[in-house]
Number of protein chains: 4
Amino acid sequence: MTRISLDQAQTIVSGALKEARALGLKPISVAVLDAGGHMIAFAREDGSSNLRPQIATAKASGALALGVSSRTIGEMAIERPTFINAAAGLNPAGIVPAAGGVLVRAEGGVIGAVGVTGDTSDNDELAALAGIKAAGLSV
Amino acid sequence: MTRISLDQAQTIVSGALKEARALGLKPISVAVLDAGGHMIAFAREDGSSNLRPQIATAKASGALALGVSSRTIGEMAIERPTFINAAAGLNPAGIVPAAGGVLVRAEGGVIGAVGVTGDTSDNDELAALAGIKAAGLSV
Amino acid sequence: MTRISLDQAQTIVSGALKEARALGLKPISVAVLDAGGHMIAFAREDGSSNLRPQIATAKASGALALGVSSRTIGEMAIERPTFINAAAGLNPAGIVPAAGGVLVRAEGGVIGAVGVTGDTSDNDELAALAGIKAAGLSV
Amino acid sequence: MTRISLDQAQTIVSGALKEARALGLKPISVAVLDAGGHMIAFAREDGSSNLRPQIATAKASGALALGVSSRTIGEMAIERPTFINAAAGLNPAGIVPAAGGVLVRAEGGVIGAVGVTGDTSDNDELAALAGIKAAGLSV
């Protein structure tokens, strides 16, 4: 497996949305990117605000840019704010240092990332993880 | 009706992809934006290249930016290239002056736009129109 | 094979440089990118000018962005200049519509791209092709 | 001596990578720039994440931009964050205020810089220094 297929990406999106509704989260947005940071699938629920496409994308893109989850980037941003701020400026899609951006792995390698935004960062991450699980992929 | 719902946007995407497969087009990407130019749904078929998310988005965003289809923008770009080039620089998502970006209307008003890219511009537009029709919306 | 390894990328670079010296080309620069458009290896010969890193990268990145060689992009730019100009503005690394940017394939899929600049576009492409051949990869 | 030759730059890269493997560091990326901030050579190890080319380049470019190592820029960023932030916005390649970007000197003058990223900043700097030493150059 070398790429998240569109079928898999759409399963991740629908799995994340299903989890968000089961948990009663606020309206969310979900982006699925390939390993190079290029979008494969995206959905924004009714009521999810204007910048959510960019935030969801930046959570996932930032995880791919630095090779760790956006939750870890959030921890790095507390210890080394100027480094993360500088890195964000170098990434065309930006970096959002808050949970909800999760790397997707297969056969030991990173094959993409999922970014979710709309509720708390912890809840966003739950939805992302549920989507990845629904597609039978690993984190 | 003032906004394309996520359900409608996903129907537009699946309708455009179905048409692309029926016509035997090259792998395409489809973006659906609301009236404010903010993405609601997106899909990139397997084999559709890296920049297609931005091109699909720019076709739709440009149509909303200037209030006409990206086909018309393509005609304007031949007559007034410096104007379209300048306008493209002002729109954060850019403008792509080629067919495939179509305004979606309901109750007489623009409620969003669809952008398709991957095959010829004419074929991209056919897929966009099929998607809008599948959702029971007007152009 | 899902990624050009650093070893392979360095073999592409040395193969391209060896061909450039065998053909007596002007000083060249060679960039090897992964499928997502991210640099793996780069070399700029003594006497190759300041912007060559960006030009080599843009030739390869543009090929990945649109899914065709930069030679084909050059042909597209003659027929549809406004489309290629608009696409170049959307790609963070830009697009250079001239030969020398070549897609690298394995197992039927694109796994990266090579960009060469410094001599004529035709000669740049010869060096890129020689580098890919030296690494035992396909175009 | 006024310029790092490609041979020297490639020796710096291979020396830095050798040190990284000897120390058991995480996968790193190494950029060597000339005195004008223009890339001469670059390598990204397998597993080094997407943004590493830009981060390695920005560490080295920032050092050349301000005339001090990126370690010193990191100290400046704590004392004068708004100045470093503003300067970063002025430098096309950006500035990363963390160790790993080292100026290279010969005959008393700055002839270029090396940037390393992938492990801790302190370890990145060790790899950069080892590369410069391998090429018989001074810091």
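These lines cover the structure that appears in this document, whether it is placed above or below. Sequence order sets the numbering: in each chain, residues are counted from 1 along the sequence as written. Chains and ligands are labelled sequentially in the order written, the chains with letters from A and the ligands with numbers from 1. The model is predicted, so local features are restricted to residues of pLDDT at least 70 and side-chain atom pairs to those at 80 or more, both for listing and for counting; the totals for chains, interfaces and linings are taken over all residues. Excluding hydrogens and water, the side-chain values take into account all heavy atoms of the structure.

**As for the overall build of chain A**
Helix and strand counts for chain A come out as five helices and four strands. Comment: elements are numbered from the N terminus, with helices defined as DSSP H or I runs of at least four residues and strands as E runs of at least two. In sequence order, chain A lays out its α and β elements as α-β-β-α-α-α-β-β-α. As a reference, a globule follows 2.2 Å times the number of residues to the power 0.38, and the radius of gyration itself is taken over C-alpha atoms. The C-alpha radius of gyration of chain A comes to 13 Å, within 12% of the 14 Å expected for a compact globule of 139 residues. With the C-alpha coordinates aligned to their principal axes, the bounding extent of chain A is approximately 35 × 35 × 20 Å. Looking at chain A residue by residue over its 139 residues, the buried ones come to 58%. For this analysis, residues touch if any pair of their heavy atoms sits within 4.5 Å. Counted over contacts in chain A with a minimum sequence separation of 6, partners at least 24 positions apart contribute 63%. Only four residue types enter the tally: Lys and Arg on the positive side, Asp and Glu on the negative side; His and the chain ends are excluded. Taken as the charge location is NZ of Lys, CZ of Arg, CG of Asp or CD of Glu. For chain A, the distance from the average position of its 11 positive side-chain charges to the average position of its 12 negative side-chain charges is 2 Å. Per-residue accessibility, obtained with a 1.4 Å probe over protein chains only, is compared with the maximum for each type, and a residue is labelled buried under 20%, exposed over 50%, and partly exposed between these values.

**Examining the relation of the copies chain B and chain C**
Here the copies were fitted onto each other by least squares, based on C-alpha atoms from residues at pLDDT of at least 70 in both. Placing chain B over chain C gives an RMSD of 0.1 Å and needs a rotation angle of 86°, together with 0.9 Å of translation along the axis. The two molecules are tied by a four-fold rotation axis, judged by turn and shift. Here only 12% of the interface residues in chain B have copies in chain C that are interface residues too; the copies meet through unlike faces.

**Overview of the interface of chain B and chain C**
Each side of the interface is counted separately: chain B has 16 residues, and chain C has 16 residues. Where chain B abuts chain C, roughly 1,100 Å² becomes buried across the two surfaces, and 63% of that area is made up of carbon and sulfur atoms. The term buried area refers to how much accessible surface (probe radius 1.4 Å) is lost by two components on association, counted for both of them together. A per-residue breakdown of the area chain B buries against chain C is headed by N50, L51 and P97 of chain B, which together make up 40% of the total. Think of a salt bridge as a Lys or Arg side-chain nitrogen and an Asp or Glu carboxyl oxygen that are within 4 Å of each other. Counting across the chain B and chain C interface gives zero salt bridges. Here the side of chain B that touches chain C gets four residues from one element, more than from any other, and that element is helix 2 (residues 52-66) of chain B. Within the side of chain B that touches chain C, the residues separate by chemical class into nine nonpolar, six polar and one charged. Basically, the charged four are Asp, Glu, Lys and Arg, the nonpolar ten are Ala, Val, Leu, Ile, Met, Phe, Trp, Tyr, Cys and Pro, and anything else, Gly included, counts as polar.

**A short note on the relation of the copies chain B and chain A**
Note on the copies: chain B fits chain A at an RMSD of 0.1 Å, the axial shift is 0.1 Å, and the rotation between them is 180°. The relationship between the two copies is best expressed as a two-fold rotation axis. Taking C-alpha positions as reference, the residue of chain B nearest the rotation axis is F42 of chain B, located at 2.4 Å. Comparing interface residues between copies, 100% of those in chain B also lie at the interface in chain A; the contact surface is shared.

**Examining the pairing of strand 3 (residues 101-106) of chain A**
All names here are of chain A. Where burial is concerned, most of strand 3 is hidden: five out of the six residues are buried. Pairing of strand 3 with strand 4 (residues 109-117) involves six bridges; the strand directions are antiparallel. Paired with R105 across the bridge in strand 4 is V110. Between the end of strand 3 and the start of strand 4, which pair antiparallel, lie two residues, with E107 showing a positive phi angle near 50°. Any two strands between which DSSP finds at least two bridges are classified as paired.

**Things to note about the sheet that holds strand 2 (residues 39-44) of chain D**
The eight strands are arranged 3(C)-4(C)-1(C)-2(C)-2(D)-1(D)-4(D)-3(D) in an open sheet whose pairing can be described as antiparallel. Here the strands that pair on one side only, and so sit at the sheet edges, are strand 3 (101-106) of chain C together with strand 3 (101-106) of chain D. For this sheet, the mean inter-axis angle between neighbouring strands, taken without regard to orientation, is 15°. In the sheet, strand 1 (residues 29-34) of chain D pairs with strand 2 of chain D via five bridges, with the strands oriented antiparallel. Among the inter-strand pairings, V30 of chain D is bridged to a residue of strand 2 of chain D, identified as A43 of chain D. To get an axis, a line is fitted to the C-alpha atoms, and for a helix only the part in contact is used. The angle between two axes follows their N-to-C directions and goes from 0 to 180 degrees. Each of strand 2 (39-44) of chain C together with strand 1, strand 2, strand 3 and strand 4 (109-117) of chain D is contacted by helix 2 (residues 52-66) of chain D, which is oriented at about 150° to strand 4 of chain D, the strand it contacts most.

**Examining the interface of chain B and chain A**
Listed as interface residues are 18 residues of chain B and, on the opposing side, 19 residues of chain A. Taken together, the two surfaces of chain B and chain A that pack against each other cover about 1,500 Å², and 45% of this comes from carbon and sulfur. The residue D46 of chain A makes a salt bridge to R3 of chain B at a minimum N-O spacing of 3.2 Å. By the criterion applied in these results, polar contacts are pairs of N or O atoms within 3.5 Å in which, for protein atoms, one can donate a hydrogen and the other can accept it, and in which residues neighboring in sequence qualify only through two side-chain atoms. Across the contact surface, chain B and chain A share 15 residue pairs in polar contact (both at pLDDT 80 or more). Mapped onto the side of chain B that touches chain A, the elements with two or more residues apiece are helix 1 (6-23) and strand 2 (39-44) of chain B. Looking at which element gives the most residues to the side of chain B that touches chain A, the answer is strand 2 of chain B, with six residues. Along the lines of polarity and charge, the residues of the side of chain B that touches chain A split into eight nonpolar, five polar and five charged. As paired strands, strand 2 (residues 39-44) of chain A and strand 2 of chain B are joined by three bridges and run antiparallel to one another. Along strand 2 of chain B, the bridge assignment pairs F42 of chain A with F42 of chain B.

**Details of the sheet that holds strand 4 (residues 109-117) of chain B**
Whether parallel or antiparallel, the strands of a sheet pair through hydrogen bonds between backbone atoms. Pairing within the open sheet is antiparallel, and its eight strands lie in the order 3(A)-4(A)-1(A)-2(A)-2(B)-1(B)-4(B)-3(B). Each edge of the open sheet carries a strand with a single partner, namely strand 3 of chain A together with strand 3 (101-106) of chain B. Ignoring strand direction, the axes of neighbouring strands in this sheet form an average angle of 15°. Sheet contacts for helix 1 of chain B: strand 2 of chain A together with strand 1 (29-34), strand 2 and strand 4 of chain B; angle to strand 2 of chain B, the most-contacted strand, approximately 25°.

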